[in-house]
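Read off the chains here:
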Amino acid sequence: MSDTAVVFREEGIFHDTGPYHPEKPARLEAILDAFARHKIDPPFLEIEPVTREDLLRIHTVQHVDTIERTCKNNLDYPDPDTVMGEASWDAALLSAGGAISACKAVLEGKYKSVFEIMRPPGHHAEPNRAMGFCLFNNVAIAGRWLTDVAGLKRIAIFDFDVHHGNGTQKAFYDDDRVYYISIHQFPHYPGTGFPEERGKNNTNLNIQMMPGVPEELWHSAIENLVLPELKRFKPEFLLISAGFDAHRKDPLGSQNLEEEDFAKITRALKGIAGGRIVSLLEGGYNLEALGESCVAHYLALRDEI
Ligand SMILES: [Zn+2]
């Protein structure tokens, strides 16, 4: 029996970033194709768009209004990497809202875990600005909903995207209810995420990987640094910023992970928070590698170890 649901809405495909952008609609199609190729037929979770109230727990009024105006009027955003158009508004609301709907479903016991396959991604979006292909910080919005609305006392966010989640770190840096852990390539975009940045109460952890390191270094960092910290913190819920751009074929990263490495990382995380896990798609830009890695990640979440 499958009890790991998937969040997907076709509005995620309508978010058009133009013909040459790596964060493109075909990413979602590649993932769905890979699921079909592996004959995986997951339950799909019904989701709601995020509310303004949910957005404003992380983002400023000015930011939310700017994104709405920029999308609806097809304006250029000051960060040339971060492209949005009319259809991006609904996609962004569903991407963030799907994360909250997923958390609700897991808390209510409808599913043991949920994997959201949506775009735009979120972890670079800061309270007052969009950047790095991200409009709203989906994982941060879900995290804040878990603490402030669902009333959880301790949650963790683990971010294995090859880029540092600067926006997520900024959202929770001094909040000791939320432990943000990121493993990322350094030096690399966005140039943030240093090991000495531990937050007010040691609830922020950055692990840097040099370009080209062997995949064993990722696994030993997770075993020796990430898991002990998560076990000590005892989160009631685990959110994952699941970026697959540390794959060795990815054009935006210089790491050496493969599909099976993402499965291994996912299996290592399953003992955390009693397996109450919501995972959100971030990066991953080689279409074939992305599809296969998402399948590996989903199966590792779903299947008993
Ligand atoms: Zn990334």
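Summary of the structure given here. (Residues numbered from 1 in each chain as written. Predicted model: local features only at pLDDT ≥ 70, side-chain atom pairs only at ≥ 80, totals over all residues. Heavy atoms only, no water.)

1. Remarks on the overall build of the protein
Then step 1. Along the protein, the regular secondary structure elements total 10 helices and seven strands.
Then step 2. Compactness check: the protein gives a C-alpha radius of gyration of 17 Å against a globular reference of 19 Å for 305 residues, within 12% of the reference.
Then step 3. In terms of principal-axis extent, the alpha carbons of the protein reach across some 50 × 45 × 40 Å.
Then step 4. The buried share of the protein, taken over its 305 residues, is 59%.
Then step 5. Summed over its atoms, the accessible surface of the protein is roughly 11900 Å², and 50% of this surface lies on carbon and sulfur atoms.
Then step 6. The distance from the centre of the 31 positive side-chain charges to the centre of the 46 negative ones in the protein is 5 Å. (Helix = DSSP H or I, 4+ residues; strand = E, 2+ residues; numbered from the N terminus. Rg over C-alpha atoms; globule rule 2.2 N^0.38 Å. Buried < 20%, exposed > 50% of the residue type's maximum accessible area, 1.4 Å probe, protein only. Areas by Shrake-Rupley, 256 points an atom, 1.4 Å probe, with all protein chains shown as cover. Lys, Arg positive; Asp, Glu negative; His and termini not counted. Charge placed at Lys NZ, Arg CZ, Asp CG, Glu CD.)

2. Quick word on the environment of Met210
Then step 1. Residue placement: Met210 occurs in the loop between strand 5 (204-209) and helix 8 (215-233).
Then step 2. Expressed as a C-alpha distance, the spacing of Met210 and His188, which sit 22 residues apart in the sequence, is 9.0 Å.
Then step 3. With near-sequence residues (within four places) excluded, Met210 lies in contact with Phe186 and Gln255. (Contact = heavy atoms within 4.5 Å.)

3. Some details on the coordination of the zinc ion
Then step 1. Protein-derived coordination of the zinc ion comes from Asp161 (OD), Asp161 (OD), His163 (ND1) and Asp245 (OD), at a distance range of 2.0 to 2.7 Å.
Then step 2. Between the four donor atoms coordinating the zinc ion, the angles at the centre fall across 54 to 153°, so the site counts as irregular.
Then step 3. All donors to the zinc ion come from one chain, and their sequence spacing reads D-x1-H-x81-D. (Donors = N, O, S within 2.8 Å, 3.2 Å for Na, K, Ca; no water. Tetrahedral: all angles 85-135°; square planar, octahedral: opposite > 155°, others 65-115°.)

4. Structural notes on the packing of aromatic side chains
Then step 1. Inspection of every chain in the model, using the stated rule, returns nine aromatic pairs.
Then step 2. With 5.9 Å between their ring centres and 75° between their planes, Trp89 and Phe136 make a pair best called edge-to-face. Of the two residues, Trp89 is situated in helix 5 (residues 88-107) and Phe136 in the loop between strand 2 (113-116) and helix 6 (138-148); the sequence distance between them amounts to 47 residues. Considered together, Trp89 and Phe136 belong to a single accessibility category, that of buried residues.
Then step 3. Between the aromatic rings of Phe160 and Phe244, the centroid separation amounts to 5.7 Å while the plane-to-plane angle is 75°, which identifies the pairing as edge-to-face. Remark: Phe244 occurs in the loop between strand 6 (237-242) and helix 9 (259-269) and Phe160 occurs in the loop between strand 3 (155-159) and helix 7 (166-172); sequence separation between them is 84 residues. Of the two residues, Phe160 and Phe244, both sit in the buried class.
Then step 4. Three or more aromatic residues link up through ring pairs in this structure, and these residues are Phe158, Phe160, Phe244 and Phe262. (Phe/Tyr/Trp six-rings, centres within 6.5 Å; stacked < 30°, edge-to-face > 60°.)

5. A short note on the pairing of strand 5
Side-chain positions along a regular strand alternate between the two faces of the sheet.
Then step 1. Counting buried residues along strand 5, five of its six residues qualify, which places the element largely inside the surrounding structure.
Then step 2. In this structure, strand 4 (residues 178-185) lies alongside strand 5, joined through six bridges in parallel fashion. Looking across to strand 5, one finds that Gln185 is bridged to Met209. (Pairing = 2+ DSSP bridges.)

6. Some remarks on the sheet that holds strand 5
Then step 1. With parallel pairing, seven strands are arranged side by side in an open sheet as 1-2-7-6-3-4-5. Either end of the sheet is taken by a strand with one partner, and the two such strands are strand 1 (4-7) and strand 5. The average angle at which neighbouring strand axes cross in this sheet is 15°, direction not considered.
Then step 2. Inspection of the sheet shows strand 1 paired to strand 2 by four bridges, in the parallel sense. When the sheet's bridge partners are listed, Ala5 is paired in strand 2 with Val114.
Then step 3. In the packing of helix 8 onto the sheet, the strands contacted are strand 3, strand 4 and strand 5, and the crossing angle to strand 4 comes to about 175°. (Axes fitted to C-alpha atoms, helices over the stretch in contact; angles between N-to-C directions.)

On their own, these measurements won't tell you what the molecule is for.
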